[in-house]
Amino acid sequence: MEFIDYIKSLFGSNKNNKKLDDVKSQIAEMQKPTAMPDRPTLPDAPTYDRIEYDAPTDEQLAAAAEAELAAYKQAGLDAVENEHAATRAELETQKQAAAQKTQAQQKAIDLAYDRADKQTSDDALKRGVARSSIAVNRMADLAAARADEQAAVSKAHADAVAALDGQIGGLETKRQQALDAFNISLAAKLTERINALKSDRASKQLEATKYNNSLTEKEADAARDKLKQESALYSEQLKQIEKEHELEKKYGTQSEQRYKAAYALLRDALSNMSPSEARDAVRNDEFFTDNLSQYWYYKLYNEFAR
């Protein structure tokens with residue numbers, strides 16, 4: 001019998017040992033402790049779209065303010081220019097009226113003295129003293145008086161024109177003063193408008209920041225809630241595993257099933273080995289005692305190792 005076992009071992013030993021090794025690996029895998037469960041992963045926490053406020057630059061705000069006040073600026077400049085033109089036209093009209101008045105006065109003087117000259121001449125003829133010194137002197141007096149009145153009218157006209165020209169000459173100064181005053185007012189109004197636009201920009205920036213911060217807090221709260229829920233689920237899984245282990249310790253149901261399965265695998269492997277190899281394996285390989293309960297080990301022992 002031992003000789004027959006020896007002959008069998010020459011041809012089947014390596015193959016049988018490989019099968020036993022495969023069975024050992026399979027049993028070792030069965031005997032591994034329960035792996036820790038994967039941590040549960042819930043759907044991602046929600047995210048929210050932020051407000052993207054493209055704040056205008058100071059230069060853009062200044063340009064916007066200038067555009068808003070463009071009509072106001074043009075109206076103000078037109079008002080100054082129109083007032084200047086109207087005043088100048090009025091003064092030019094007064095100059096023309098003064099010239100016409102002077103011409104009328106001079107004409108009236110000439111008519112009056114022409115009549116006086118004629119009357120003096122007619123009186124002298126009637127009296128026969130046309131060539132007398134009295135007539136000559138009278139005519140000279142009239143001529144002198146005519147010249148004086150004409151000179152007075154001309155001087156009054158010249159004085160009036162000079163006064164009007166003086167006012168016309170001062171119009172440019174008044175025009176520039178009006179423009180300067182308007183530009184100062186416009187600059188103040190422009191500054192006020194720019195400051196208002198800057199204030200509006202700051203308000204919108206603050207509003208956007210507050211809103212975006214609230215979304216960040218909301219997302220953070222949702223993320224924390226997600227982690228809490230995942231932790232709670234994982235803790236529940238661990239408790240369930242722990243409960244199963246406690247039941248296993250108390251009743252040994254799963255261990256007994258594993259021992260029985262290991263016994264079946266080992267018995268099948270031993271059955272394909274020679275009796276001497278099977279006996280040596282059961283007696284000397286600690287794998288059998290490590291992975292079988294006493295009951296199942298001695299069951300194999302009684303079958304293959306006696």
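Thresholds applied
Residues numbered from 1 in each chain as written. Predicted model: local features only at pLDDT ≥ 70, side-chain atom pairs only at ≥ 80, totals over all residues. Heavy atoms only, no water. Helix = DSSP H or I, 4+ residues; strand = E, 2+ residues; numbered from the N terminus. Buried < 20%, exposed > 50% of the residue type's maximum accessible area, 1.4 Å probe, protein only. Areas by Shrake-Rupley, 256 points an atom, 1.4 Å probe, with all protein chains shown as cover. Axes fitted to C-alpha atoms, helices over the stretch in contact; angles between N-to-C directions. Parallel < 35°, antiparallel > 145°, perpendicular 65-115°, else oblique. Left-handed = near helix turned anticlockwise from the far one by under 90°. Contact = heavy atoms within 4.5 Å. Nonpolar A, V, L, I, M, F, W, Y, C, P; charged D, E, K, R; others polar. Core = buried A, V, L, I, M, F, W, Y, C linked by side-chain atoms within 4.5 Å. Salt bridge = Lys/Arg side-chain N within 4 Å of Asp/Glu carboxyl O. Phe/Tyr/Trp six-rings, centres within 6.5 Å; stacked < 30°, edge-to-face > 60°. Expected span 1.5 Å × (residues − 1). pLDDT = per-residue confidence, 0-100.

1. Side note on the overall build of the protein chain
The helix and strand tally for the protein chain stands at eight helices and zero strands. Per-residue burial over the protein chain gives 24% buried out of 306 residues. About 21,400 Å² of surface is accessible on the protein chain, with carbon and sulfur atoms providing 53% of the total.

2. What about the packing of helix α6 (residues 275-284) against helix α8 (residues 294-305)?
At a minimum axis distance of 9 Å, the contact between α6 and α8 shows a crossing angle of 150°. The angle between the axes of α6 and α8 places the two elements in the roughly antiparallel class. As for how α6 packs across α8, the hand of that crossing is left-handed. Here α6 contributes Pro275, Ala278, Arg279, Val282 and Arg283 to the contact with α8, which in turn contributes Tyr297, Tyr301, Phe304 and Ala305. Of the residues that constitute the contact of α6 with α8, the class distribution is seven nonpolar, no polar and two charged.

3. A short note on the side chain of Arg146
Mapping Arg146 onto the fold places it in helix α4 (residues 133-251). Excluding residues within four positions of it along the chain, Arg146 makes contact with Ile109, Asp110, Tyr113, Asp114 and Asp117.

4. Concerning the nonpolar core
Across soluble globular proteins, nonpolar side chains show a tendency to be buried alongside one another. Leu20, Leu266, Leu270, Val282, Phe288, Leu292 and Leu300 are the most contacted members of the largest nonpolar core, which totals 20 residues. Taken together, the elements giving at least two residues each to this core come down to α1 (2-30), α5 (253-271), α6, α7 (286-291) and α8. Discounting chain neighbours no more than four positions away, the residues touching Leu20 are Leu266, Ala269, Met273, Ala281 and Phe288. Grouped together as the second largest cluster of nonpolar side chains are six residues, Ala65, Leu69, Ile194 and Leu197 included.

5. Topic: the pattern of salt bridges
Here the structure, examined in full by the defined rule, presents 17 salt bridges. A salt bridge links Arg146 to Asp114; the nearest nitrogen and oxygen atoms lie 2.6 Å apart. Here the residue Arg146 occupies a position in helix α4, and Asp114 occupies one in helix α3 (residues 70-127), the gap between them amounting to 32 residues. A relative accessible area of 17% places Arg146 in the buried class.

6. Regarding the environment of Asp21
If you trace the backbone, Asp21 turns up in helix α1. Under the relative-accessibility criterion, Asp21 is labelled partly exposed at 42%. Sequence spacing of Asp21 and Leu266 is 245 residues, and the spatial spacing of their C-alpha atoms is 10.0 Å.

7. Examining the packing of aromatic side chains
Per the counting criterion, the structure on display carries six aromatic pairs. Measuring from centroid to centroid gives 5.4 Å for Tyr297 and Tyr298, while their planes differ by 70°, and the two rings are edge-to-face. Assessed through its relative accessible area of 11%, Tyr297 is described here as buried. A residue is classified by how much of its surface remains accessible, and Tyr298, at 46% relative accessible area, is partly exposed. On the numbers, 6.1 Å between centres and 40° between planes, the contact of Tyr297 with Tyr301 is tilted. You can see Tyr297 and its partner Tyr301 sitting in helix α8, four residues apart, about one turn around the helix.

8. Notes on α3
Between its first and last C-alpha, α3 extends 85 Å over 58 residues, near the 86 Å set by a 1.5 Å rise per residue. Of the residues making up α3, those classed as buried are Gly76, Val80, His84, Leu91, Ala98, Thr102, Ile109, Tyr113, Asp117, Thr120 and Ala124.

9. Some points on the confidence of the model for the protein chain
Per-residue pLDDT for the protein chain averages 86, and the proportion of residues at 70 or more is 88%. Per-residue pLDDT, averaged within each element of the protein chain, yields its smallest value for α1 (64) and its largest for helix α2 (residues 58-68) (96).

10. Description of the environment of Lys155
Mapped onto the secondary structure, Lys155 falls in helix α4. By relative accessible area, Lys155 is classed as exposed at 54%. Lys155 sits 53 residues away from Thr102 along the chain, and the two C-alpha atoms are 9.7 Å apart.

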